[in-house]
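Here is how the chains run, residue by residue.
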Amino acid sequence: MTPTPPERGPIIEVEGLVKHFLVAPQGRGLRGSARALFSRHRQRVRAVDGLDFDLAPGELVGFLGPNGAGKSTTIKMLTGILVPTAGRLQVAGCLPWRDRARYTRRIGVVFGQRSNLWWDLPVRDSFDILRHVYGLPRERFAANLARFDALLGLDAFAAVPVRQLSLGQRMRADLAAALLHAPEILFLDEPTIGLDVVARERIRSFVREVNREQGVTVLLTSHDMGDVERLCQRVIVINAGRALFDGPLDALRERFGVERELVVDFEAPDGDFTVEGATILAREGGRVTYRFRRDTLSASELIGRLAARHRIVDLTVREPDIEGVVRRFYETEAGRG
């Protein structure tokens, strides 16, 4: 009888993570700024304050929060740029800020507003430098690059200096650079910021591919809710350095996305289209848009009430967009605070 292999534990473990900064108090005007600069008194700012979460190998998780919530500080600790004030943090069996040489070979990092490539060199030269940095055999490097070229269309701008690339081209090159050494984990910080629709979809397709086909664990931070909806099944929502929600995206939507819309095309353009339990948002001839709450009225019940009184030609149910769901979540949590 073949023994059952042991289950793999989390690849990212965060427990009671804390990061405090000491900052000078802000003064008014030039004299106040000078006093703040040289003041011995410092104010303690809690950027991350007791954060807990785990990621299993191969997960693709959205890491969400408003500006100042502690997302970037957390990512910097996970990548080894910052040292935690307190708490436990382990990634792929490493302490990121201590096991630097070993750790950087196991992760890839993409910051949407900063490039990891050499600004004045052609893209292909930056890739070749990274081959030497990571000590990649030439054959493995060529195979990885060919696969990324097929997915991202890199060859079209491989000879172009990085400073001359469009934002979309640079992001595609940065993604390839982050994954050339086949890391186990990919940290993405706003990877589609400023991109047009076509470029965003190309980046999303690539991230989905490396996650599903190669099993790369991905932690994604983004203010673009389209990234979250198309890529993530699980989300971690933080604010003031603490996790407020950690679970399936559908559960967040079910809990805070209570309002839905129903667009109905009636055969007759005139009539009384009001219905109990729903609000009319818009009306144009025989097309009426309703808003209703899923916790008080189902779509089928609403459609049944309308069909009993009017002849329906067509209809569409619109689910709440994730941006509205997250906004409602923050409003609810702020009200509790």
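Predicted model, so just to flag it, every value in this text is computed and none were measured. (Residues numbered from 1 in each chain as written. Predicted model: local features only at pLDDT ≥ 70, side-chain atom pairs only at ≥ 80, totals over all residues. Heavy atoms only, no water.)

### Observations regarding the packing of aromatic side chains
- Going through the model one piece at a time under the given rule, you end up with five aromatic pairs.
- Plain terms: the ring middles of Phe53 and Phe63 are 5.7 Å apart, the flat faces sit at 50° to each other, and that makes the pair tilted. With Phe53 in strand E2 (residues 43-55) and Phe63 in strand E3 (residues 60-64), this pair connects stretches of sequence that are 10 residues apart. The two residues Phe53 and Phe63 agree in class, both being buried.
- For the ring pair Phe266 and Phe273, a centre distance of 4.2 Å and an interplane angle of 10° mean the geometry is stacked. Both residues of the pair, Phe266 and Phe273, belong to the buried class.
- Aromatic rings pair up to connect Phe245, Phe256 and Phe329 into one cluster.
- Directly above the aromatic system of Phe111 lies the positively charged group of Arg114, at a separation of 4.5 Å from the ring centroid.
- Positioned over the ring face of Phe141 is Arg131, at 5.8 Å from the centre of the ring. (Phe/Tyr/Trp six-rings, centres within 6.5 Å; stacked < 30°, edge-to-face > 60°. Helix = DSSP H or I, 4+ residues; strand = E, 2+ residues; numbered from the N terminus. Buried < 20%, exposed > 50% of the residue type's maximum accessible area, 1.4 Å probe, protein only. Lys NZ or Arg CZ within 6 Å of the ring centre and 35° of its normal.)

### Observations concerning the sheet that holds strand E11 (residues 279-284)
- With antiparallel pairing, the four strands of this open sheet are ordered in space as E11-E12-E10-E13. Both edges of this open sheet fall to E11 and strand E13 (312-318), since each of them pairs with a single strand only. Strand-to-strand twist in this sheet, taken as the mean axis angle between neighbours without regard to direction, amounts to 20°.
- Pairing of strand E10 (residues 259-266) with E13 involves six bridges; the strand directions are antiparallel. Pairing of Val264 across the sheet is with Leu315, part of E13.
- With respect to the sheet, helix H10 (residues 299-307) is in contact with E10, strand E12 (287-293) and E13, its orientation differing from that of E10 by roughly 30°. (Pairing = 2+ DSSP bridges. Axes fitted to C-alpha atoms, helices over the stretch in contact; angles between N-to-C directions. Contact = heavy atoms within 4.5 Å.)

### Regarding the packing of helix H4 (residues 123-133) against helix H6 (residues 167-179)
- Put simply, H4 and H6 touch, their axes get as near as 10 Å, and they point 15° apart. With respect to each other, H4 and H6 are oriented roughly parallel. Seen from above, H4 lies across H6 with right-handed handedness. Contacts from Val123, Phe127 and Leu130 in H4 reach Ala173, Ala176 and Ala177 in H6.
- Here the residues of the contact of H4 with H6 are counted per class, giving six nonpolar, no polar and no charged. (Parallel < 35°, antiparallel > 145°, perpendicular 65-115°, else oblique. Left-handed = near helix turned anticlockwise from the far one by under 90°. Nonpolar A, V, L, I, M, F, W, Y, C, P; charged D, E, K, R; others polar.)

### Quick look at the pairing of strand E6 (residues 185-189)
- Among the five residues that make up E6, five are buried, leaving the element largely enclosed by the rest of the structure.
- Residues of E6 alternate between two faces, with Ile185, Phe187 and Asp189 on one and Leu186 and Leu188 on the opposite face, all of them buried.
- Alignment of strand E5 (residues 107-111) against E6, held across five bridges, turns out to be parallel. In the sheet register, Val110 faces E6, and the bridge partner there is Leu188.
- Strand direction decides the pairing type here: E6 and strand E7 (residues 217-221), joined by five bridges, are parallel. Along E7, the bridge assignment pairs Phe187 with Leu219.
- With respect to chirality, the unit in which E6 leads through helix H7 (residues 197-214) into the neighbouring parallel E7 is right-handed. (Right-handed = clockwise from strand over helix to strand, strands pointing away.)

### Some details on the environment of Val123
- Relative to the helices and strands, Val123 is located in helix H4.
- In the structure, Val123 is positioned 42 residues away from Leu165 in sequence and 9.2 Å away in space, judged by C-alpha atoms.

### Describing the packing of H4 against helix H5 (residues 138-152)
- Axis separation between H4 and H5 bottoms out at 11 Å; the angle between their running directions is 135°. In terms of orientation, H4 lies oblique with respect to H5. The interaxial crossing formed by H4 with H5 has right-handed handedness. Judged by residue contacts, Phe127, Asp128 and Arg131 of H4 engage Arg138, Phe141 and Leu145 from H5.
- Here the contact of H4 with H5 is composed, by residue class, of three nonpolar, no polar and three charged.

### Some remarks on unusual backbone geometry
- One non-glycine residue, Ala92, lies in positive phi territory at about 50°.
- Among the structural elements, Ala92 can be located in the loop between strand E4 (86-91) and helix H3 (100-104).
- Owing to a relative accessible area of 9%, Ala92 belongs among the buried residues under this scheme.
- Notably, Glu190 is not glycine yet its phi reads approximately 55°, a positive angle.
- With respect to the helices and strands, the residue Glu190 is situated in the loop between E6 and H7.

That is the geometry; function is a separate question.
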